[in-house]
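Topology and contacts: notes
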Amino acid sequence: MNFAMEEHEDNNGGDISQKAKKHEGKHDKPKPWDDDPNIDRWTIETFDPSWNESGMLELSSFSTLFPQYRERYLQEVWPTVKSALKEFGVSCELNLVEGSMTVSTTRKTRDPYIIIKARELIRLLSRSVPVHQAIKVLDDEVQCDIIKIGNLVRSKERFVKRRQHLVGPNSSTLKALEILTGCYILVQGNTVAAMGSFKGLKQVRRIVEDCILNKMHPVYHIKVLMMKKELEKDPALANENWDRFLPKFKKKNVQQKKLQTKDKKPYTPFPPPQQPSKIDEQLESGEFFMSQKKKSAKTWQEKQEKQTQKTAENKRKREAAFIPPQEPRKQDTKSEDGDKDVAAMAMSLKKKAKEFGKQKLGENVNAEVYIATAGEPSKKKSKRRET
């Protein structure tokens, strides 16, 4: 009996497996348009109102809040938003009391996806995107992505620093990313709003997350994107792997400055000595036993002393402005040369004086030589006068 039951169970299991095999790959049959080279599956066709002439069966609406500082701008710009959405049969409402924007479909709406586009439009407007740029999201070829970056980093200082890396000096990094990805990027607060194609938005999300998580600096991503742009121009490399051409960046651990830690004092179980109170200090100085009149006189005297010191200091500061600065003395080479000449002249005069003294001694001995030598300079003087 047991054998018969087991056999019956085996038969049932076999039937189930056969049924499963029978249904496997039911929808994987080859289609006639799979191998058609004329069909481009990535093109986004523009919506034709003739595809949905009857309109929408149900009305749907979306609303979003906006910050208070955007209230004035939205109030000025709302007529242009209203006229842009009216072309697609979508109504919009601005509620200044609640601080919200609402978009909803009407009976004139034909495109079923336009309400999602309208929702993205009001989300972009609430995140400080200009109206002339935000309206472009209503086109079928333009998509948008709002990347939340506020929760990726705990430290606020690191978050601000890394967000600045994304923007760059004078927004140069952001402009380079916009050119290479073909997307509009706006960094505002804790979010990054991007508008463009699906491919560009995917690149922007990866770059932003890598920057905030400190995986790779945006400048390195820019280098990679520039090399890919160059490789796209070569048709021979269209079906090849580009990893061998792209640069590989290694993360370097920069040595941070060590914080100067104070030397810990040895642990003592006893508490520090109690500091004397104000009354204790007054008792020591004897001020506690003074009368109120003497106390007030003492305080007034201290006040006067402080005042005189302050006035003297202010006077000194005022007079310091009128003191002329010390001019740097120029070391003239001529004066040094003149000093040397004077010293040389003094030495020569000393030598001449010695020689003259010796000659005088000789003159005392020999009078005839003295007379002969004494008469020579007078002749020279006379000759000079004659000339």
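Just so it is clear, the structure is predicted and the values come from calculations on it, not from any experiment.

**Considerations on the overall build of the chain**
In terms of regular secondary structure, the chain is built from twelve helices and six strands. For the chain, the proportion of its 387 residues judged to be buried stands at 22%. Of the contacts made within the chain by residues no fewer than 6 positions apart, 57% connect residues no fewer than 24 positions apart. When the accessible area of the chain is evaluated, it comes to approximately 32700 Å², of which 54% is carbon and sulfur surface.

**Examining unusual backbone geometry**
One non-glycine residue, S128, lies in the positive phi region at around 70 degrees. Along the chain, S128 turns up in the loop between α3 (114–126) and α4 (131–134). Classification of S128 by relative accessible area gives buried; the value is 16%. Look at S171: it is not a glycine, yet its phi comes out positive at around 60 degrees. The residue S171 is located in the loop between α5 (156–167) and α6 (172–181) in this model.

**Looking at the packing of aromatic side chains**
Per the counting criterion, the structure on display carries two aromatic pairs. Relative to W51, the ring of F47 has its centre 5.6 Å away and its plane inclined at 85 degrees; by these criteria the two rings are edge-to-face. In this structure F47 comes out as partly exposed when scored by relative accessible area, which is 25%. Measuring from centroid to centroid gives 5.6 Å for F288 and F289, while their planes differ by 90 degrees, and the two rings are edge-to-face. The class of F288 is partly exposed, set by a relative accessible area of 41%.

**A look at the pairing of strand β2 (residues 90–95)**
Here β2 shows a clear split, with V90, C92 and L94 buried on one side and none of S91, E93 and N95 buried on the other. As defined by bridge partners, β2 adjoins strand β3 (residues 100–105) across six bridges and the pair is classed as antiparallel. From the neighbouring strand, E93 faces β3, where its bridge partner is T102.

**Regarding the pattern of salt bridges**
All told, the structure shown has eight salt bridges when counted by the stated rule. In this structure, the salt-bridge partner of R72 is E76, at a minimum N-O distance of 4.0 Å. Highlighted residues: R72 and E76, both in helix α2 (residues 71–86), separated by four residues, approximately one helical turn. Taken individually, R72 and E76 each receive the classification exposed, so the pair is uniform in this respect. Linking E287 and K298 is a salt bridge whose minimum nitrogen-to-oxygen distance equals 3.9 Å. Pair noted here: E287 is in the loop between α9 (278–285) and α10 (292–320) and K298 is in helix α10, with a separation of eleven residues, a long-range link. Given a relative accessible area of 22%, E287 falls into the partly exposed group. Classification of K298 as partly exposed rests on a relative accessible area of 32%.

Cut-off values and rules
Residues numbered from 1 in each chain as written. Predicted model: local features only at pLDDT ≥ 70, side-chain atom pairs only at ≥ 80, totals over all residues. Heavy atoms only, no water. Helix = DSSP H or I, 4+ residues; strand = E, 2+ residues; numbered from the N terminus. Buried < 20%, exposed > 50% of the residue type's maximum accessible area, 1.4 Å probe, protein only. Contact = heavy atoms within 4.5 Å. Areas by Shrake-Rupley, 256 points an atom, 1.4 Å probe, with all protein chains shown as cover. Phe/Tyr/Trp six-rings, centres within 6.5 Å; stacked < 30°, edge-to-face > 60°. Pairing = 2+ DSSP bridges. Salt bridge = Lys/Arg side-chain N within 4 Å of Asp/Glu carboxyl O.

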